[in-house]
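# Structural description and commentary
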There are 2 protein chains.
Amino acid sequence: MRSVCVVGLGLIGGSVLRAAAAAGFVTWGATASDDDAEAARRDGHDVVDLAAALERAVAQDALVVVAVPLPAVENVLRALPGGVRLTDVVSVKGPVADLVARVAPHARYVGGHPMAGTSRSGWDAGRADLFRDAAWVVTAEDGADLDVLGDVIGLALASGAHVVPTTAADHDAAVARISHLPHVLAAVLASVGAGGGPLALSLAAGSFGDGTRVAGSRPELVLAMCEGNRAALLGAVDDALGRLGAARGSLASTGGLAKTVEAGHTARLALEDRPRLAEAAVDLTAPGALATLRDLGARGGRVIGLNGSTALALTP
Amino acid sequence: MRSVCVVGLGLIGGSVLRAAAAAGFVTWGATASDDDAEAARRDGHDVVDLAAALERAVAQDALVVVAVPLPAVENVLRALPGGVRLTDVVSVKGPVADLVARVAPHARYVGGHPMAGTSRSGWDAGRADLFRDAAWVVTAEDGADLDVLGDVIGLALASGAHVVPTTAADHDAAVARISHLPHVLAAVLASVGAGGGPLALSLAAGSFGDGTRVAGSRPELVLAMCEGNRAALLGAVDDALGRLGAARGSLASTGGLAKTVEAGHTARLALEDRPRLAEAAVDLTAPGALATLRDLGARGGRVIGLNGSTALALTP
């Protein structure tokens, strides 16, 4: 099994370190946070300084997992030795890929994003099973290193996640729609509701509670996530503005909202009634394997197992 | 105790009939639905035709509760004898008040809206405890009949609800913000998410699930509710469009969303951390009692008990 070196031991990095260790990988970590380092050591993990961690990664040909916030990624990349196996768990993929291309072009990089989290942060918020049954996005760009891709898939599966292969651009566009826009709309709805004063809040029930729930998340986490995906989020916000404006126009002119409400209902049913998936095998060494994987992800499929260089997939 | 005649025995009307009967009121009902009538009779309730129900209401000076959908309200009002004690449970209050003024000006009308429901409909979906711990809005307009106001408050409290006094206009503006706009935004979000295709839906997690949940409601119910409150909903949609547009502008120009996200966070905390309420008594026979009640509702207070003509209130 490939050794795993985790840089950044907050909620996500700390959970990756725990999950990898629990799955039997040789693991060690590094973090700029003395608190997280001390807490991880107290829990029995091997935490060293960044230079020592990376030196060991080269010596053992380990997979380096960058698990620091986006603004701190560049400094970690600058410290990387050439040719290292590299992935990350940052919630936006295009900007990280751009940074790798600019700062660490010789790294053998395959991006990742485990879609899990809580509203808490830091080592103590993490747990070994944080990724159980979660989607772990892996970027399968043309030219990706298939060996490292296998490492990342293996780590994700060993952590209890399933793997959704796609590109950085498609990932960022998708999460803008289903993760970042929901936070923006929840904030807008909460503000409009509170604008109705104490009467409105005293009448608020299920629909308002559901629609504003994520507005209770820590603003700095929401901002880091949304602002880090600015370009794709703009597109999603524009889509929402267009649809909301159309609803407004229809309500004002004809008094009707059928098109808006029925489209939303159909869309929600598509979320609830996901297509039945069938098992399929993907030979990662076959020509076009990366395109096959991307197509799998684009159609709503996922990788749920890895046997040598054969991925076991569920496909619609 | 005032006898209660419920017209319309669907989810809400059927629950009012059950709750009133369970609380010991003399009750009977009428409905245009043969299925609901049969089911209510099977459950031991007294169901007669509309003319007989209203005749008995006059004879017993009962409170008539109109519990039919908004488009059917006018026909019920046309059948009303003059001077009858009248309330309703329709989810929009201004249009009902306008209809009463036009079609049944001699009714002793006080509007009501119990803020409870499920996604199901019809008699079989109702239950006696549907209103337990729910807000039951009562319109306390200037000139309202204080005796009927007491009847409606009594029915609401006996059903397990607390009473929020306000005006029809303030009610409609408030529910546009906290009940109807959430449905519109949920529909918009669901459509934007589904627009991302199977990949986006396969990555959707908590925030998208929460934000789109009510888009799963039956479209005809959502449309009846939202379109019935057209004027107030337009104002709420415009508020949302303004805030979403401002977020868009800020994201495009500076890349920042702090104002949007922080305002939403503050608003959500205002929902979660409601002010502590103190007990107070309101003498419903005192001059200005209606204004006192409206002020109570506007400040987020409620009525939780009734002792003769003294209302026990919780006030911020």
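Quick caveat: nothing in here was measured; it's all calculated off a predicted structure.

## Quick notes on the interface of chain A and chain B
Contact residues are listed per partner, giving 87 residues for chain A and 86 residues for chain B. Interface area lost by chain A to chain B is led by I178(A), L203(A) and L244(A), which between them contribute 9%. There are four salt bridges connecting chain A and chain B. As a salt-bridge pair, D210(A) and R213(B) come within 3.5 Å of each other at their nearest N and O atoms.

## Description of the sheet that holds strand β5 (residues 108-109) of chain B
Residue and element names in this part refer to chain B. Spatially, the five strands line up as an open sheet ordered β2-β1-β3-β4-β5, and their pairing is parallel. For this open sheet the edge positions go to β2 (27-30) and β5, each flanked by a neighbour on one side alone. Against the sheet, helix α1 (residues 11-22) engages β1 (4-7), β2 and β3 (63-66), with an angle of about 165° to β2. Against the sheet, helix α3 (residues 50-60) contacts β1, β2 and β3, and its axis sits at roughly 150° relative to β2.

## What to know about helix α7 (residues 168-194) of chain B
All names here are of chain B. Taking 1.5 Å as the rise per residue, α7 with 27 residues should run 39 Å; its terminal C-alpha atoms sit 37 Å apart, in good agreement. Along α7, the sharpest change in direction is near 45° and occurs at A176. The element α7 is extensively covered by neighbouring structure, given that 22 of its 27 residues are classed as buried.

## Brief notes about the relation of the copies chain A and chain B
Placing chain A over chain B gives an RMSD of 0.1 Å and needs a rotation angle of 180°, together with 0.0 Å of translation along the axis. When the rotation and shift are considered jointly, the pair of chain copies conforms to a two-fold rotation axis. Among all residues of chain A, the one whose C-alpha sits closest to the rotation axis is G211(A), at a distance of 2.3 Å. In this assembly the copies share their binding face: 99% of the residues contributing to the interface of chain A also contribute to that of chain B.

## Details of the pattern of salt bridges
All names here are of chain A. Applying the stated criterion across every chain yields a total of 48 salt bridges over all chains. R18 serves as the salt-bridge partner of D43, at 3.9 Å between the closest nitrogen and oxygen. A residue pair is termed long-range when its members are at least 10 positions apart, and D43 in the loop between α2 (34-42) and α3 (50-60) and R18 in helix α1 (residues 11-22) qualify at 25 residues. Taking the relative accessible area as the measure of exposure, D43 reaches 38% and is therefore partly exposed. Taking the relative accessible area as the measure of exposure, R18 reaches 13% and is therefore buried.

What counts, and where the lines are drawn
Residues numbered from 1 in each chain as written. Chains lettered and ligands numbered in written order. Predicted model: local features only at pLDDT ≥ 70, side-chain atom pairs only at ≥ 80, totals over all residues. Heavy atoms only, no water. Contact = heavy atoms within 4.5 Å. Buried area = accessible area lost by both parts, 1.4 Å probe. Salt bridge = Lys/Arg side-chain N within 4 Å of Asp/Glu carboxyl O. Pairing = 2+ DSSP bridges. Helix = DSSP H or I, 4+ residues; strand = E, 2+ residues; numbered from the N terminus. Axes fitted to C-alpha atoms, helices over the stretch in contact; angles between N-to-C directions. Expected span 1.5 Å × (residues − 1). Bend = angle between axes of the 7 residues up to and from the residue. Buried < 20%, exposed > 50% of the residue type's maximum accessible area, 1.4 Å probe, protein only. Least-squares fit on C-alpha atoms with pLDDT ≥ 70 in both.

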